[in-house]
Amino acid sequence: MKKSIAFGFVSLLWLVSLKGQDNFEALGSIEPYRVTADDGNTYSGEMGSLKVPENRANPQSKFVEIPFFRLKTKSTNPLPPIFVLEGGPGDNPSAIQRIAEIIAPLSLFTSRSDVVLLGQRGNGNSNPKLSCENSFNLPLDTPLDHEGFTREYRKYIEECSGYWKERKYDLRGYNVVSMADDIEALRNELHYEKIMLFGGSFGSHHGLSYIKKYPDHVERASLDSPEGLQHTIKLPYEVDKALLQLSDLVQEDSVLVKQIPSFINLIKETLNQLEKNPIITKVVHPDTAKEFEIVLGKLDLQMATAMSLGRMSYRELPYHYLQMKSGDYTWLANWSFGLRQANGNVGSLMAALTDCASGVTSKRKQEVSRQAKDAILGDALNNVIFEVCDLLPLKDLTHDLELNFASKIPLLVICGSQDAKTPVRNGMEIMNNFENSRLLLVKYGSHDLFREAFDSLAPIIIGFLSAENPIKYVLPEEIEAQLNLRFK
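Residues numbered from 1 in each chain as written. Predicted model: local features only at pLDDT ≥ 70, side-chain atom pairs only at ≥ 80, totals over all residues. Heavy atoms only, no water.

(A) Fine view of the state of the cysteines. Under the criterion given, the structure shown has 2 disulfides. Each sulfur in the disulfide pair C356 and C389 lies 2.1 Å from the other. Here the disulfide of C356 and C389 is left-handed, its torsion about the S-S bond being about -80°. Taken as a pair, C356 in helix 12 (residues 349-358) and C389 in the loop between helix 13 (362-372) and strand 11 (411-416) lie far apart in primary sequence, 33 residues in all. Disulfide partners in the protein chain, listed by the sequence order of the bonded cysteines, are 1-2, 3-4. (Disulfide = S-S within 2.5 Å. Helix = DSSP H or I, 4+ residues; strand = E, 2+ residues; numbered from the N terminus.)

(B) Layout of helix 8 (residues 263-276). The terminal C-alpha atoms of helix 8 lie 20 Å apart, and with 14 residues this matches the ideal 20 Å at 1.5 Å per residue to within 8%. Regarding helix 8, the residues found buried are F263, I264, L266, I267, T270, L271 and L274. One side of helix 8 carries all its buried residues, which in axial view fall inside an arc of 160°. (Expected span 1.5 Å × (residues − 1). Buried < 20%, exposed > 50% of the residue type's maximum accessible area, 1.4 Å probe, protein only. Arc of directions from axis to C-beta.)

(C) Looking closely at the pattern of salt bridges. In this structure the tally under the stated criterion is 23 salt bridges. Between R220 and E219 there is a salt bridge, with the nearest N and O atoms lying 2.5 Å from each other. On the accessibility criterion, R220 (0% relative accessible area) is buried. Members of the salt-bridge network, linked through shared partners, are E25, R56, R121 and D182. (Salt bridge = Lys/Arg side-chain N within 4 Å of Asp/Glu carboxyl O.)

(D) Here's a closer look at helix 12. In terms of burial, helix 12 is a largely internal element, 10 of the 10 residues being buried. Residues of helix 12 that are buried: L349, M350, A351, A352, L353, T354, D355, C356, A357 and S358. For helix 12, the elements touching its buried residues are helix 3 (146-166), helix 4 (176-189) and helix 5 (202-213). (Contact = heavy atoms within 4.5 Å.)

(E) A look at the environment of S446. Position of S446 among the secondary structure elements: in the loop between strand 12 (437-443) and helix 15 (449-466). Separated by 31 residues in sequence, S446 and C415 have C-alpha atoms that sit 8.1 Å apart. Excluding its chain neighbours within four sequence positions, the residues that come into contact with S446 are S225, G310, R311, M312, Y314, G416, Q418, D419 and E452. Within the local environment of S446, its side chain forms a polar contact with the backbone nitrogen of D448, the two atoms lying 3.1 Å apart. (Polar contact = N/O pair within 3.5 Å; in protein donor to acceptor, adjacent residues only side chain to side chain.)

(F) Focus on the environment of D114. Checked against the element boundaries, D114 lands in the loop between helix 2 (99-107) and strand 6 (115-118). On a C-alpha basis, the gap between D114 and K282 in space is 52 Å, while along the polypeptide they are 168 residues apart. Within polar-contact distance, the side chain of D114 engages the backbone nitrogen of T73 at 2.9 Å.

(G) Structural detail: the side chain of S437. With respect to the helices, strands and loops of the structure, S437 is situated in strand 12. Since its relative accessible area comes to 15%, S437 is described here as buried. Separated by 3.1 Å, the side chain of S437 and the backbone oxygen of F434 make a polar contact. The residues contacting S437, other than those within four sequence positions of it, are L411 and M431.

(H) Region of interest: the nonpolar core. Counting residues in each nonpolar core, the largest one holds 112 residues, and the members touching the most others are L197, F263, L309, L332, L349 and L377. Here the element with the most residues in this core is helix 4; it accounts for 7 residues. Not counting the four nearest positions on each side in its chain, L377 is found in contact with V239, D240, L243, L271, Q302, T305, A306 and L309. (Core = buried A, V, L, I, M, F, W, Y, C linked by side-chain atoms within 4.5 Å.)

Given below as structure tokens:
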């Protein structure tokens, strides 16, 4: 009986401490903040910070501070605020650190709503910022190989995580579900009943995590370059699909087709040559201007191709393959040198923690392993990111990221037809959970949709987010970005 009473008393104390912790989620000071944009115009907003537990499951948790920036609407009939969720995760510099660059386009969204840009815990101006100060270097005198890359990256992450563990930071608190809770905390503290979500790439993954957990507080959402709840690990066949589509576009180009009768065959031939006979070429160090020799092999080219294929630079790939066909490997040498001599700039610990925690399903991992065996580019887009997950203390998000929900929230999904990182298939799968969802396709668009088609996309997204009835809002099924394949 005494043990039961003691246990009940301890449990009560734990609940009280946890309740106090929840109440301690609070705003720091919110100060007026004037931004001179890159276009020379000045904008007036507010900069603030949010204080939240590092790990909400731990009553003794430390607290983290996360910055946010707000632009207020002048509308007399405002709609719920638009919470802008950045990509990455762990982009350096962060969106808030680049506020002068993005303030002008952000201001366009204030016609009927406040706009709130929330930072990411563990990154940018957040405290702590889980950066890695140790170095990451791969040798230049041998081709890039998966085993060596994995070994060095594991060492890099293990040293970095050890640094933060020694300082008693709870690394289990850095994941997309904790970040969804951060949205909810800020919504509460700013006294908004409902919010709208606007995010791309990881920002869409972040937004979907919030929608699943807090559906009653979302009025509508616009997600581009979509990464669903189980899409963090990329499928090699989808990457190859984007490569085949690019080959078809080369075939349709009257200038390029004369030089490259089959782009996909040229890719396979070049990869086979580098696998059998790695080449030695020279590269100039960007800082010292000194010239170095570098040995390039198949994995170098697989990774450089996959990374370019996901971005707007996919348009230059046919030209670079023509260069290599003529013996000029400058592009590949510069790309590989940048990777191998990253000196710590290969992603923060926050990014590794967040991606590893989200890449949870064994079924997805098994599918990736199976596809990578015969995919043209192997598993190059994922490279070795997920080979460090066993080194990290991760919260199990299996239940949190299950697709066991249905939503009537109006949702606009925007996909680029040439996006290898977050393909159209992602958007279609996300829409299965939303009764009131629509897809907008950007023909020739990559993962860099706003750099490619902002003038066309912005009015559509603003219209959807400011419409009285988003379900009835008229929008096109497709818009087109410029293709402009490089041929010289």
